[in-house]
Number of protein chains: 2
Amino acid sequence: MTTPSSDTGPQPSVYPGLGLVEPKSVELFPDGMLLESGLKLAGPVTVAYETYGTLSPERDNAILVCHALSGGAHAAGWLPGHRKPGWWDIMIGPGKAFDTNRFFVLCSNVLGSCYGTTGPSSIEPGTGRPYGLRFPVVTIRDMVILQRALLDHLGIERLLAVAGGSLGGMQALQWAVSYPRVVASAIVIACTHRHSAQQIAFNEVARQAIMADPEWKNGDYYGGEGPKLGLAVARMVGHVTYLSDKGMEQKFGRRLRNRERVGFDFSLDFEVESYLRYQGMSFVERFDANSLLYITKALDYFDLSSGHGSLTKAFHGTPAKFLLIAFSSDWLYPPYQLKEVAQAVRRGGGDATYAEIKSDYGHDAFLLEYQAQEPLIRAFLDRVQGSCGFASA
Amino acid sequence: MTTPSSDTGPQPSVYPGLGLVEPKSVELFPDGMLLESGLKLAGPVTVAYETYGTLSPERDNAILVCHALSGGAHAAGWLPGHRKPGWWDIMIGPGKAFDTNRFFVLCSNVLGSCYGTTGPSSIEPGTGRPYGLRFPVVTIRDMVILQRALLDHLGIERLLAVAGGSLGGMQALQWAVSYPRVVASAIVIACTHRHSAQQIAFNEVARQAIMADPEWKNGDYYGGEGPKLGLAVARMVGHVTYLSDKGMEQKFGRRLRNRERVGFDFSLDFEVESYLRYQGMSFVERFDANSLLYITKALDYFDLSSGHGSLTKAFHGTPAKFLLIAFSSDWLYPPYQLKEVAQAVRRGGGDATYAEIKSDYGHDAFLLEYQAQEPLIRAFLDRVQGSCGFASA
């Protein structure tokens, strides 16, 4: 298991917000898990998760938070030895948008990842060695089924909300469609109802960069070097798509890296080059290349209308309320895609609130523009809770 | 020297337009060429070029056409054994936008390329082996200086126009600023006056993909395998940036490649994946990886205002007329960049015509939207020629 964060270092002397939190883990599906592909993943399937706040006696205040491509179950609070809190700590905690004085918040690492939940770097039962490419391809629907099993294990029958950005938002959409009677609302940020050709294309470039690295060894690199350079290139591609033209111009422009003038060579000239190389190489320390292959494939396979005939039919009759948030400069998941979701929900008779936040941060805005998102989420959750959100199970 | 095109195959039985054309070559700078970096490139410097049409007795009808990143001197007409004509044949020939009944059109391969002009795959004098990374870094200004030397050799003192798209457009801009008394007009398509952070970032990803390939061998791969997989990944990144979201959706969508359903594995699922892999692998057959490193670096160094204080000052007092053409869906070189050029030319007292063509083809539009460009270019050249364009030399 890769460590969830490279942010180790001196511990802070105080832990604001949720304070220290506890990583948890459970084994589910002892007899194996049937996947959307028809293939079976051998049991048991391990799920890493964390919880924040307290489940109400009525068990009606649970919110599932879903992470993005390279995230993990550690969404909020502090783990011993870490310099930074969880990836959405700014939004989860006492008095925050996901107020842990009111809500019981959960987050679990997705199927196929490398932060504690079973994935391609896990040991294949009966072989004593990591799966590699023998791990079956998983889908976002499979990720959601595993989350549902976790909730069953925890005795949670209903969710007040499922929330997330990017891959996390797609899980929230899938939850509302797969389990309309379980989910009172979905908070869907910076994502799409199905991957477009351009979105598939960027993922394919990332996969090919990994597979081009001879150290990838067809996925059987565990115990060896691993495809470090290929994974770094894959991450660099990702990072360009997470920013915006204007945001990059403001952040880097043509500023040089510790130089008076360009070097007229192939060493580092521009700050943006230095930023990308750093992002690429630091990612290698904390993420598994095969997990990137599997999760990008799950993203590319995502098409919410699949099996329903149309997107509108997928939402038809769902009682869940939707809050859909897009960002003006997000060209990886452009706003028009969540607008289509809002239209489909409404055409299906449902309740959708669509908000486009003006931002120069590109796709990264979903993690950075918390001040603009917080009042939207707070008001939405008030409304969902006030209308005693749950349909009869 | 790599062959200029992979489009070999059965020859057509007729050669429409210009018919068969002749590849030419000349050696210039016998004593070496001083570069913008201060470094000296050993002489002689070879330049590959082609010409179409006839130079007028007054020598006032010459138009220099400049190619893009992966192009060469073969801009129009047919070479024996090729299935396709030159890269801008649709625009150059009798009766076409660049009408060879009226104009004498030239195109030369840029310094640093691999299609006949001296570059990193050329033999380093005195060593008997290819330069590799011992080739000095070149700039767009250096490319233009070499073109100027070619014109001197051909006895051409003035250009009615310099024209090109992408890298070719940047050369046209550099010509107008470096030699304002030589150039009557510049036709500048789908490019910028300086590379932005995002443009540098995409080029850096491409370079890192090449350099991550162990077969790159720090540039000394000639005679060996070469960084095929790395170069293919670099080209794949490029191709995603050449298309648009909408264009890719129309061209590929989520269509599967010869399949009823997705494969739930890492073989080819989607047509867009197949397209990218094909583009990547076919590029490897026809382009030199080191040339890609050098030319992308020249693009990243490009900043027309450099040495002038501002873009407006760079254009101040230039007598050249400018036709600037951008495409609505080109997000690699977004229209706002050429709008800035138009404003700067006008603020400098100059004559700029800016046109934004509505298109879904993204950056590729500069090669595809010929019907929209042709009347603009034709009218512009008429106006330039009619105003007997040349300032006194």
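Keep in mind the model is a prediction, meaning the values are calculated, not measured.

### A look at the overall build of chain A
Looking only at helices and strands, chain A has eleven helices and twelve strands in total. Relative to the 2.2 N^0.38 estimate, which gives 21 Å for 393 residues, the radius of gyration of chain A is 21 Å and therefore close to what a compact globule would have. Taken along the three principal axes of its C-alpha coordinates, chain A extends 65 × 50 × 50 Å. Partitioning the contacts of chain A with sequence separation of at least 6, the portion at a separation of at least 24 is 72%.

### Section: the relation of the copies chain B and chain A
To go from the first copy of the chain to the second, apply a rotation about an axis and then a shift along the same axis. Each copy superposes on the other: chain B lies on chain A with an RMSD of 0.0 Å after a rotation of 180° and an axial shift of 0.0 Å. Look at the turn and shift together and you get a two-fold axis relating the two. Of the residues that chain B buries at the interface, 100% are likewise interface residues in chain A, meaning the two copies contact each other through the same surface.

### Some points on the interface of chain B and chain A
Taken residue by residue, the interface counts 45 residues in chain B and 45 residues in chain A. For the side of chain B that touches chain A, the secondary-structure elements that each account for two or more residues are α3 (197-211), α4 (228-242), α5 (245-251), α6 (271-286) and α7 (289-301) of chain B. The element best represented in the side of chain B that touches chain A is α3(B), accounting for nine residues. Taken together, the residues that form the side of chain B that touches chain A break down as 28 nonpolar, six polar and eleven charged.

### Examining the sheet that holds strand β10 (residues 185-189) of chain B
Residues and elements named next belong to chain B. A sheet is described by the order of its strands in space; here eight strands give the open sequence β1-β4-β8-β5-β9-β10-β11-β12, paired in mixed fashion. Looking at the sheet topology across the chains shown, the edges are occupied by β1 (24-28) and β12 (351-357). Going from strand to strand, the sheet's axes swing by 20° on average, the running direction of each strand aside. For strand β9 (residues 161-165) and β10, the ladder comprises four bridges, and the chain directions are parallel. Pairing of Ala-163 across the sheet is with Ile-187, part of β10. Strands β1, β4 (45-52), β5 (62-66) and β8 (104-108) of the sheet are contacted by helix α1 (residues 140-154), whose axis makes an angle of about 105° with β1. Here helix α9 (residues 335-347) sits on the sheet in contact with β10, β11 (321-327) and β12, set at roughly 165° to β12.

### A few points about the domain arrangement of chain A
Residues and elements named next belong to chain A. When cut into domains, chain A gives domain 1 (24-194 + 301-386) and domain 2 (201-297). Taking only C-alpha atoms into account, the centre of domain 1 sits 26 Å from that of domain 2. Between domain 1 and domain 2, the contact holds 24 residues from the first and 18 residues from the second. The residue inventory of the side of domain 1 that touches domain 2, partitioned by class, reads 13 nonpolar, nine polar and two charged.

### Things to note about unusual backbone geometry
A cis geometry characterises the amide bond from A:Gly43 onward to A:Pro44, with omega recorded as -10°. Within the element layout of this structure, A:Pro44 appears in the loop between β3 (40-41) and β4 (45-52). Even without glycine at this site, A:Asn218 takes up a positive phi of about 55°. Exposure remark for A:Asn218: the 9 C-beta atoms within 10 Å place this residue in the exposed category. Positive phi outside glycine occurs at B:Phe29, with the angle close to 45°.

### Focus on helix α6 (residues 271-286) of chain A
Here α6(A) is 16 residues long and its end C-alpha atoms lie 23 Å apart, about the 22 Å a rise of 1.5 Å per residue gives. Among all positions of α6(A), only A:Val272, A:Glu273, A:Tyr275, A:Leu276, A:Gly280, A:Phe283 and A:Val284 are buried. Buried residues along α6(A) sit against α4 (228-242) and α5 (245-251) of chain A together with α3 of chain B.

### Side note on the packing of α3(B) against α7(B)
Residue and element names in this part refer to chain B. Packing of α3 against α7 leaves a shortest axis separation of 10 Å and a crossing angle of 160°. For the element pair α3 / α7, the angle class is roughly antiparallel. When the axes of α3 and α7 are compared, the crossing they make is left-handed. Counted together, Ile-200, Asn-203, Ala-206, Arg-207 and Ile-210 of α3 and Ala-289, Leu-292, Leu-293, Thr-296, Leu-299 and Asp-300 of α7 form the full contact between these two elements.

### A short note on the environment of A:Thr353
Residues and elements named next belong to chain A. Within the secondary structure, Thr-353 is located in strand β12 (residues 351-357). Under the C-beta neighbour-count criterion, Thr-353 is labelled partly exposed, with 17 such atoms within 10 Å. A C-alpha to C-alpha distance of 8.7 Å links Thr-353 and Phe-380, two positions 27 residues apart in sequence. Excluding residues within four positions of it along the chain, Thr-353 makes contact with Phe-322, Leu-323, Leu-324 and Phe-380.

### Comments concerning the sheet that holds β12(A)
Residue and element names in this part refer to chain A. If you trace the eight strands from one edge of the open sheet to the other, you get β1-β4-β8-β5-β9-β10-β11-β12, paired in mixed fashion. The open sheet has two edge strands, β1 (24-28) and β12, and neither has a second partner. For this sheet, the mean angle separating the axes of adjacent strands, direction not counted, is 20°. Examined bridge by bridge, β1 and β4 share five bridges and lie antiparallel to one another. Note that in β4 the partner of Ser-25 across the bridge is Ala-48. Running over the sheet, helix α1 (residues 140-154) touches β1, β4, β5 (62-66) and β8 (104-108) and is turned about 105° from β1.

### Describing the environment of A:Tyr221
Residue and element names in this part refer to chain A. Within the secondary structure layout, Tyr-221 lies in the loop between α3 (197-211) and α4. The sequence separation of Tyr-221 and Leu-323 amounts to 102 residues, and the corresponding C-alpha distance is 42 Å. When near neighbours in sequence (up to four residues on either side) are disregarded, Tyr-221 contacts Glu-215, Trp-216, Gly-226 and Pro-227.

### A short note on the pairing of β10(B)
Residues and elements named next belong to chain B. Extensive coverage of β10 is indicated by the burial of five of its five residues. Burial along β10 is two-sided: Ser-185, Ile-187 and Ile-189 and Ala-186 and Val-188, pointing in opposite directions, are all buried. Between the parallel elements β9 and β10, the chain passes through helix α2 (residues 167-178) in a crossover that is right-handed. Across five bridges, the pairing between β10 and β11 is parallel. Note that in β11 the partner of Val-188 across the bridge is Leu-324.

### Section: the nonpolar core
Across soluble globular proteins, nonpolar side chains show a tendency to be buried alongside one another. Counting 268 residues, the largest nonpolar core has A:Val65, A:Ala186, A:Val188, B:Val65, B:Ala186 and B:Val188 as the members making the most contacts within it. Other than its neighbours up to four places away in sequence, B:Val188 contacts B:Gly169, B:Ala172, B:Leu173, B:Phe322, B:Leu323, B:Leu324, B:Leu338 and B:Val341.

### Section: the environment of A:Thr241
Residues and elements named next belong to chain A. Within the secondary structure, Thr-241 is located in helix α4. Residue class for Thr-241 comes out buried when judged on the 22 C-beta atoms lying within 10 Å of it. Along the primary structure Thr-241 and Asp-330 are separated by 89 residues, whereas in three dimensions their C-alpha atoms are 8.6 Å apart. Leaving out residues up to four positions away in the same chain, Thr-241 has contacts with Phe-202, Leu-332 and His-363.

How each quantity is defined
All residue numbers here refer to positions counted from 1 along the written sequence of the relevant chain. By the order in which they are written, chains take letters starting at A while ligands take numbers starting at 1. With pLDDT at 70 or above as the cut-off, local features in this predicted model cover only qualifying residues; side-chain atom pairs require 80 or more to be listed or tallied, and sums for whole chains, interfaces and linings still use all residues. Numbered from the N terminus, helices here are DSSP runs of H or I no shorter than four residues, and strands are runs of E no shorter than two. Using C-alpha atoms as the atom set, the radius of gyration is obtained and then compared with a globule rule of 2.2 Å times the number of residues to the power 0.38. We call two residues in contact whenever the C-beta atoms placed from their backbones are within 7 Å. Here the copies are matched by least squares. The fit uses the C-alpha atoms of residues with pLDDT of at least 70 in both. Residues were grouped as follows: Ala, Val, Leu, Ile, Met, Phe, Trp, Tyr, Cys and Pro as nonpolar; Asp, Glu, Lys and Arg as charged; and all remaining residues, including Gly, as polar. The pairing criterion is simple: DSSP has to find at least two bridges between the two strands. For helices, the fitted axis covers only the stretch in contact; all axes are lines through C-alpha atoms, and the angles between them, taken along N-to-C directions, range from 0 to 180 degrees. Boundary definitions for the domains trace back to an automatic or database domain assignment. Exposed residues have 12 or fewer other C-beta atoms within 10 Å of their own C-beta, buried residues have 20 or more, and residues in between are partly exposed; the C-beta atoms are placed from the backbone. Each residue after the first adds 1.5 Å to the expected span of a helix. The cut-offs work like this: below 35 degrees is roughly parallel, past 145 is roughly antiparallel, 65 to 115 is roughly perpendicular, and the gaps in between are oblique. By convention, the crossing between two helices is left-handed when the near helix turns anticlockwise from the far helix through less than a right angle, and right-handed when the turn is clockwise. Classification remark: right-handed applies to a crossover when, strands pointing away from the viewer, the course from the first strand over the helix to the second runs clockwise. What makes a nonpolar core is a set of buried Ala, Val, Leu, Ile, Met, Phe, Trp, Tyr and Cys residues, with links drawn between C-beta atoms within 7 Å.

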